[in-house]
Amino acid sequence: MRALALEGFDVPAAVIDVPEPEAGPGEVLVRIRAASVNAYDVGVAAGLMKDFMSYEFPAVIGNDAAGTVEAVGAGVEGFSIGDRVFGSMGMKGAIHDGSFAELANPQAVSIAVAPDGLSDTDAGSLGVAGSTAMSAVEAVDPGEGARVLIVGATGGVGTFATQLSALRHAHVIASVRPGDEDFVADLGASETVDYTGDLVAAIRERYPDGIDAVIDAVNRDQGAFATLAGIVRDGGRATSVVGGAGESSSFGGVAVSNSGGDPAHLPTLAGLLVQGELRVAIRRTYPLTDGAKALRDFANEHTLGKLVISMP
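A. Broad picture of the overall build of the protein. Within the protein one finds nine helices and 17 strands. The globule rule puts the C-alpha radius of gyration for 312 residues at 20 Å, and the 19 Å found for the protein is close to it. Relative to its 312 residues, the protein shows a buried fraction of 52%. Residue pairs at least 24 apart in sequence account for 67% of intrachain contacts in the protein once pairs closer than 6 positions are excluded. With the model as given, the accessible surface of the protein reaches about 13100 Å², and the carbon-plus-sulfur share is 48%.

B. Here's a closer look at helix H9 (residues 291-300). All buried positions along H9 are accounted for by Gly291, Ala294, Leu295 and Asp297. Down the axis of H9, the smallest arc covering the buried residues is 165°, so these residues share one side. On its buried side, H9 packs onto strand S1 (2-6), helix H1 (39-45), strand S16 (282-287) and strand S17 (306-310).

C. Summary view of the sheet that holds strand S10 (residues 171-176). Taken together, seven strands build an open sheet; the order of strands is S11-S10-S9-S12-S13-S15-S14 and the sheet is mixed. Bordering the open sheet on either side are strand S11 (191-194) and strand S14 (250-251), each of which pairs with just one other strand. As defined by bridge partners, S10 adjoins S11 across four bridges and the pair is classed as parallel. By the bridge assignment, Ala174 is partnered in S11 with Thr192. The sheet strands contacting helix H3 (residues 126-140) are strand S12 (211-216), strand S13 (232-240) and strand S15 (254-258), and the helix crosses S13 at an angle near 165°. Against the sheet, helix H4 (residues 156-167) contacts strand S9 (147-151), S10 and S12, and its axis sits at roughly 170° relative to S9.

D. Seen up close, the packing of H3 against helix H8 (residues 266-274). Closest axis-to-axis distance for the H3/H8 pair is 10 Å, and the angle between their directions is 95°. As judged from the angle between their axes, H3 and H8 are roughly perpendicular. Where H3 approaches H8, its residues Leu126, Gly127, Gly130, Ser131 and Met134 are matched on the opposing element by Leu266, Thr268, Leu269, Ala270, Leu272 and Leu273. Class assignment of the residues belonging to the contact of H3 with H8 gives a composition of seven nonpolar, four polar and no charged.

E. Geometry of the pairing of strand S3 (residues 28-36). Counting buried residues in S3 gives seven out of nine residues, a clear majority hidden from the surface. As judged from the six bridges shared by S3 and strand S5 (residues 64-72), these two strands associate in the antiparallel manner. Residue pairing in the sheet places Leu29 in a bridge with Ala71 of S5. Across two bridges, the pairing between S3 and strand S7 (residues 103-104) is antiparallel. Across the sheet, Val30 pairs through a bridge with Ala104, a residue of S7.

F. Representation of the pattern of salt bridges within the structure. This structure, assessed with the given rule, holds 13 salt bridges. Residues Arg279 and Asp186 are paired through a salt bridge, measuring 2.5 Å at the closest nitrogen-oxygen approach. A residue pair is termed long-range when its members are at least 10 positions apart, and Arg279 in the loop between H8 and S16 and Asp186 in the loop between helix H5 (181-185) and S11 qualify at 93 residues. Residue classification places Asp186 among the exposed residues on the basis of a relative accessible area of 56%. Within this structure, Arg284, Lys293, Asp297 and Glu301 form a network of salt bridges that share partners.

G. The pairing of S1, seen in detail. The element S1 is largely enclosed, with a buried count of four among its five residues. Pairing between S1 and strand S2 (residues 14-17): four bridges, direction antiparallel. Looking at the pairing, Ala5 lines up with Ala14 of S2. Pairing analysis gives two bridges linking S1 to strand S4 (residues 59-60), with the strands arranged antiparallel. Bridging from a neighbouring strand, Leu6 pairs with Ala59 of S4.

What counts and what doesn't
Residues numbered from 1 in each chain as written. Predicted model: local features only at pLDDT ≥ 70, side-chain atom pairs only at ≥ 80, totals over all residues. Heavy atoms only, no water. Helix = DSSP H or I, 4+ residues; strand = E, 2+ residues; numbered from the N terminus. Rg over C-alpha atoms; globule rule 2.2 N^0.38 Å. Buried < 20%, exposed > 50% of the residue type's maximum accessible area, 1.4 Å probe, protein only. Contact = heavy atoms within 4.5 Å. Areas by Shrake-Rupley, 256 points an atom, 1.4 Å probe, with all protein chains shown as cover. Arc of directions from axis to C-beta. Pairing = 2+ DSSP bridges. Axes fitted to C-alpha atoms, helices over the stretch in contact; angles between N-to-C directions. Parallel < 35°, antiparallel > 145°, perpendicular 65-115°, else oblique. Nonpolar A, V, L, I, M, F, W, Y, C, P; charged D, E, K, R; others polar. Salt bridge = Lys/Arg side-chain N within 4 Å of Asp/Glu carboxyl O.

Just geometry here; none of it tells us what the structure is for.
This is how it looks when you write it as structure tokens:
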């Protein structure tokens, strides 16, 4: 089959022929229709995960997945051949199986059946960013009128977090660069703050008594995340979707946490999309043959929303 894969650390990812995967125990074989690009995929393609996971070449890239079930592995229940499904690849023992391919073998626990009315393109964007955003919003648990700063509001996780917070009637403060204000306002942001300037100082000036919550999709450094948590009032909450909280559960009087993707959120996300209460902010789609370009664009361009790779 054709797949976007790495053949070694000394060559860039390219669309090549690789052996077809099989549905192993606990896995489902899916004919992929769409899969969006996430920061993790760019890191995998750059070889940045080699200190944490082994690479088995050819290493197919891609984590999000949407498509149709072609085979069901041993021990899998709840899925049948022909089902439309979506989600992510799940936790694999090595970097080898991926979704930027004609076929993929995600773990059954990491996917869900797609409801009628959910397009493949939208479904292929929910696995990582959508479920991570929902975890983050649940972690800070904003009530009506709560002032929530979303750092990285124009990215994949941020666009979902903005909408999900707005659905709770929170007052969303979206970090943007000049020119992106209308984009986030259309997603439900109540106000914006320019991240190219001193974001923390700007928030302190507007809200000297502090805000209620922070969702940070940018800062991996614990010190930078702690600085953001410092603009939250005592009793408020801050969560990082990139590990910025480290092992800490609080900074002063602010509860902090790390939030990650959770496949349990997939049915709820899909339902919100079908009902028209949530949308995927898709910036651009690429055929599989242009998969390497999609990775480069994600890494090098200022992208609003999601980039999606579609399969023939």
